[in-house]
Every structure is written in C-alpha cells, then in structure tokens.
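A structural walkthrough
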Amino acid sequence: MSKLKIAVSKGSLLEPVIRQLSDVGFDTAPLSDPGRRLRLETADAEYVICRATDVPTFVEWGAVDIGFVGSDTLMEGDYDIFELLDLGIGACRFVLAGRADASGGAQAALRENGPRRIATKYPKVAADYLERCGRQAEIIKLYGSMELAPLVGLADEIVDLTATGRTLADNGLVELDEIAPVSCRLIANYVSYKIKSATINELVERLRNND
Amino acid sequence: MDPAVPEGLWDILPARAQKRRALEGRLRTAFEARDYGEVISPSFEFYDNLAVETGTALRGEMVRFMGTDGRLLALRPEMTTSIARVVAQRLAREDEPHRLYYIANVFREHSSKQGQPREFWQAGVERIGGGSPDDDAEIVLLFIETLLAAGLKDFKVGLGRIDFLGRVLDKLELGGEEKDSLRAALAGRNLVRYEEIVKRLDLDEATTADLLLLPGLSGGAQVLDRAEALGERRGGSEVLAGLRQVYEALAAAGAADRVILDLGIVRDFDYYTGIIFEAYTPALGAVLGGGGRYDNLLAEFGYDAPAAGFALGLERLESALAQGGGGR
C-alpha cells in the first residue's frame, strides 16, 4: 500500500495538527522545521504544506488523500469531499459584528430590516447567514482587516472569525450575533476514502481517541 | 470576428481525437462482444421527458431552450433517460431483454469537474428487462470488462444498495425531516454532521451505535456479515440477501478481488432502486463512472420493465490512462 498523502495548512493550524499526528504515532520530525520546502516525505506519509484555502482543492482533485483544514474554509467553498472528523482544535466562531457606538445601540441594526452593507472575507458564509435569518444586505468582499470597514463607513457590519473577541473590542466593535462555530476538520478525497478506507478509518479512530 | 467558444467547451485536435476514437473503438468492441447494440438518439429532447425522475441536481443543470412551438427543450444531461424513452416508444413490441449501448456527448451547466466541462462524453449500456441478482451480476461484470477493455488495470468497483439506508431509517421512529437530514448529511459526504444529527436524536444507546456504524460498512465479504447482523436488528435483511447473491455470482466469475462492498455509496441520481456501483482508480481523484438498477424509470414512459445500466466518462478514462492507471 502506498504512503498516505496529507495536506496541512500553513499558519495557526500547522503546529496543533502536527502535534495530533505525532500523538497518534506518525513520524512528524521533518515537519517541525520544514524551512521553505512545500513537500516533505517521512517514513509513513507524504506531506504537502499549503494555504488553508487550498487544502480542500488539493484533496478534491486527489493530489493528496486527506487534509486538515478549518471548517471556515469548507463553509466558504463548495467541495466534493468527505468530511470525516471534527478535531476540536483551532476552535473559533463566525460572528456578525458592528460598531459599539452605533446610534440606537448596536443591536438596533439586527432589528432594522432595511438593506445594510456587510464587509467580509467570507461572502458565501455571509450570504448563507443573511438568507437564513431573512435579512437583506450588500456584501462587500475584503481580503483583510475587516474591522476597518465599519470604522471608516465602508460597511455597517462585518462577518468575521473571532476566537477571543479581542480584535473586535480593540477596534470598538461588538458581536451582534453568532453565525457558526468553527474548528479543524479531517477531510478526504472521495476516491481515496473508498480505496484506502481501512487505513483512513484507522487514522480517524486514533485521532478520535486522542485527547 | 473574435474567435472564441463559450466557457467550458473544448475543441479536440487530431492527436487527441485519434486517441479518443481508438478508445471508443475498444469500448464498442467490448459492448458488441456481449450482444449490446448501439442506439443513437437526439442530442436534445422535450425538457419534461429528460426531467422525469432524473433527480433535482441534474434538473437544475440542464441546458434549456424554447422550441418554435413554445415547448421547453433541453440538451440531454445523461443518456439513461433518453434510452428509456426510446425503448418505451420504439421497442415495446420486441422481446426483452433489450441490450443497448451508446457513446454520446452530454451537456450540463456546471463548473468543470475533473475532466467534465459543460459538454463531455459518456459510454455506457442499458439492459432493459430482467431483474434477478444474476442480471445484476451480468451488468457489473460487463462494467469490469469494459474498464479492462479501455486499457485500465489498476481499478476497483464499489458495490452497494441504494435502498439499504432507507430500510433501516424506515424502521426507526423518526420524523421525515430527521430522516431527510441524515440522508442529506450522507449524500453530502459530511460524516461530522451525520454524527452530530445521530447524537442529537437522543435514541437509545444500541440504536445510536448502529446508526454510527452505517457509513463505515465498506470492505470485502466480511462487510456483508457485519451488515447482515445490523440488518437483522434494524431491517433491510432482504436487501442484503440480494446483494450477497450478486456478490457470490461475481466471486464465482472470479471478480471478487475487483469489488469493494460499500453500503455507504450514494449516487447523484434519484432513479436508482437496487444495486449501485462505481469505479475508482488511484490514478484519478474522481469516479470514472458508475451505474445501477432502476426498476421504476421505464414505467414513467408507460412501459413497465426492470432495468440496469452504467455510464463511464471518456475524459476521465483518458486522464486515468494518461496518469498511469493502465499500469506501469
């Protein structure tokens, strides 16, 4: 049986994912200091280290068998992949946030049903949320620093990820509504999961029992 | 004039066209060796005929336009429904079974999926008449023969039953909405959500444990034993007995090592009623094609007959062959 091919995302999930893999017996030593290398081979697996938003794409097309990625990325895309396990790590939340000093109080925005402007890096998550609660809004796509948008009048509210709420508070914003919890998921390519189900299911069980 | 084609359409130039025609020739030979005869049907038909029972996913993906008489027309998004219409309309007086094959282009409004842009090609068969486990095995064996004839060596066929999950869910005291959400989670391949829903249902411990077993029922012959134990507790035993007969017929024909039994397979078509199967190769991240039994589709056109068939994507076969699926 060929080695399992695994995609892991750069950034904050990299370290906790490596720790989980190491806990369940994978040789992860070369991963702890990858340098500039994007592909690494260990005794028991082949790794691809890529942007979080690219992990599901590598998995969907079968360039790797499995991947570790935040459910925020999965919610924002539309991927034909297996979602196998919630690892519980990297936990945060999607929230709707607005200016703390909004006229009539921050929550007034939620009661008002007129079209609003919402800035976000996650237009699909925002649109799904608005649809679900029957609100109307123009969605403005930004690539970073969403907290800025309400402060300079670009948008009324933002849809963003928050773990502790500190960045929001530092910028004079308050959480108006929780949209969805987010955490790291183990995903698998459809065909890989069908052909290598024994290997992948064994990994799922080991990760599930690793606390 | 700006030379351009609409997005998602490809021109196939001589070098590739030659390979394509050679591949088609190998498939044609395999189909005809088993007495299947070719059907060439129109590329577009009345929308209502193509939309019958085909499943909501494809209904939304059809390329539609208006005929001069104001009736809605559509380009075929797959061939099974067209062949069912042809048999009901033109072959009703002839003896069953009808063994038919096609190599045809189909059209879908979707973003390109691993070699399947808005127009892509399928080769497949439909066997109208005959609903026994041996008839099922005949179709699966022809599926395997066809893949071998294409030149593929390293592949597996997943085999399951579309109706097993339904039998198990029907026996539980669940509301329609709860059943639909479980089905949707499995169809969306979201086992995290499936587990969340099962746990939220607050059923007794044994039932919860059995429901959590369902998506993992995949592997060799021993999967049937596990599934049968579950079937005796939860229902669906007769479905599994049918699957066992098909599997035994396949094993007797020496094909057991090609087959992965998998009760978690859900295909994207609503018309399936019995066995379902699909082909995988490590050389490609997407299924090469698949098929199954569809005993209710012909009746939609006023000709009640059991039927089974399969389709393979030619672009995906080509890409698997190019990636080394033909063996090294």
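Residues numbered from 1 in each chain as written. Chains lettered and ligands numbered in written order. Predicted model: local features only at pLDDT ≥ 70, side-chain atom pairs only at ≥ 80, totals over all residues. Heavy atoms only, no water.

Right, let's talk about the environment of Val39(B) for a bit. Residue and element names in this part refer to chain B. Within the secondary structure layout, valine 39 lies in the loop between strand S1 (37-38) and strand S2 (44-46). For valine 39, a relative accessible area of 13% gives the class buried. Remark: the alpha-carbon pair of valine 39 and valine 125, spanning 86 residues in sequence, is separated by 9.7 Å. Leave out the neighbours within four places in its chain, and valine 39 touches Ile83, Val86, Leu100, Tyr101 and Tyr102. (Helix = DSSP H or I, 4+ residues; strand = E, 2+ residues; numbered from the N terminus. Buried < 20%, exposed > 50% of the residue type's maximum accessible area, 1.4 Å probe, protein only. Contact = heavy atoms within 4.5 Å.)

Core analysis: the largest hydrophobic core is formed by 125 residues, its most contacted members being Phe68(A), Leu147(B), Leu159(B) and Leu317(B). At eight residues, the largest contribution of residues to this core is made by helix H5 (residues 133-150) of chain B. For Leu317(B), the contacting residues outside a window of four places in its chain are Leu23(B), Leu27(B), Leu147(B), Ala150(B), Leu152(B), Leu288(B) and Leu312(B). Within the second largest apolar cluster, 15 residues are counted, among which are Cys92(A), Phe94(A), Val159(A) and Val182(A). (Core = buried A, V, L, I, M, F, W, Y, C linked by side-chain atoms within 4.5 Å.)

Quick look at the packing of aromatic side chains now. Each aromatic ring pair is specified by the distance between its two centres and by the angle formed by the two planes. Considering all chains together, one arrives at 12 aromatic pairs over all chains under this definition. When the centroid spacing of 6.3 Å and the interplanar angle of 65° are considered together, the rings of Tyr190(A) and Tyr280(B) count as edge-to-face. Here the residue Tyr190(A) occupies a position in helix H9 (residues 190-195), and Tyr280(B) occupies one in strand S10 (residues 275-280), the pair thus bridging two chains. By relative accessible area, which is 6% here, Tyr190(A) ends up buried. (Phe/Tyr/Trp six-rings, centres within 6.5 Å; stacked < 30°, edge-to-face > 60°.)

Here the focus is the interface of chain A and chain B. Taken residue by residue, the interface counts 19 residues in chain A and 20 residues in chain B. Summed over both partners, the interface of chain A with chain B buries about 1,700 Å², with 53% contributed by carbon and sulfur atoms. The tally of links between chain A and chain B comes to three salt bridges. Of the charged contacts, one joins Arg208(A) and Glu195(B) as a salt bridge, the two residues approaching to 2.9 Å between their closest N and O atoms. For the pair chain A and chain B, the interface holds 10 residue pairs in polar contact (both at pLDDT 80 or more). Broken down by secondary-structure element, the contributors of at least two residues to the side of chain A that touches chain B are strand S5 (82-86), H9 and helix H10 (197-208) of chain A. Along the lines of polarity and charge, the residues of the side of chain A that touches chain B split into nine nonpolar, three polar and seven charged. (Buried area = accessible area lost by both parts, 1.4 Å probe. Salt bridge = Lys/Arg side-chain N within 4 Å of Asp/Glu carboxyl O. Polar contact = N/O pair within 3.5 Å; in protein donor to acceptor, adjacent residues only side chain to side chain. Nonpolar A, V, L, I, M, F, W, Y, C, P; charged D, E, K, R; others polar.)

On to a positive patch on the surface, then. Together, Lys10(A), Arg51(A), Lys121(A) and Lys141(A) make up a positively charged patch on the protein surface. Looking at the secondary structure, you find Lys10(A) in the loop between strand S1 (4-9) and helix H1 (14-23). (Patch = residues over 30% accessible without salt bridge, like charges linked within 9 Å, V, L, I, M, F, W, Y side chains within 5 Å. Areas by Shrake-Rupley, 256 points an atom, 1.4 Å probe, with all protein chains shown as cover. Lys, Arg positive; Asp, Glu negative; His and termini not counted. Charge placed at Lys NZ, Arg CZ, Asp CG, Glu CD.)

Here the focus is the packing of helix H1 (residues 14-33) of chain B against H5(B). Residue and element names in this part refer to chain B. Look at H1 against H5: their axes get within 9 Å of each other, and the N-to-C directions meet at 145°. The two elements H1 and H5 cross, and the hand of that crossing is right-handed. Touching Leu23, Arg26, Leu27, Ala30 and Phe31 of H1 are Leu142, Thr146, Ala149 and Ala150, all from H5. A per-class count over the contact of H1 with H5 returns seven nonpolar, one polar and one charged. (Axes fitted to C-alpha atoms, helices over the stretch in contact; angles between N-to-C directions. Left-handed = near helix turned anticlockwise from the far one by under 90°.)

In a disulfide, the sulfur atoms of two cysteines are held together by a covalent bond. According to the stated counting rule, one finds zero disulfides over all chains in the structure shown. Cys92(A) carries a free sulfur, and the closest cysteine sulfur to it, the one in Cys184(A), is 11 Å from it. (Disulfide = S-S within 2.5 Å.)

Okay, helix H4 (residues 80-90) of chain B next. All names here are of chain B. Within H4, nine of the 11 residues are buried, which leaves it mostly tucked inside the rest of the structure. Residues Thr80, Thr81, Ser82, Ile83, Ala84, Arg85, Val86, Val87 and Ala88 constitute the buried set of H4. Contact partners of the buried residues in H4: S2, helix H2 (47-50), strand S5 (98-107) and strand S6 (119-128).

Next up on the list: the pattern of salt bridges. Where charged atoms of side chains with opposite charge meet at close range, the side chains can pair. With the rule as written, the count across this model stands at 40 salt bridges over all chains. Of the charged contacts, one joins Arg28(B) and Glu38(B) as a salt bridge, the two residues approaching to 2.6 Å between their closest N and O atoms. Note that Arg28(B) is positioned in helix H1 and Glu38(B) in strand S1, a separation of 10 residues in sequence. Linked through salt bridges whose partners overlap, the residues forming this network are Glu205(A), Arg208(A), Glu195(B) and Lys199(B).

Coordinates in, geometry out; function isn't part of it.
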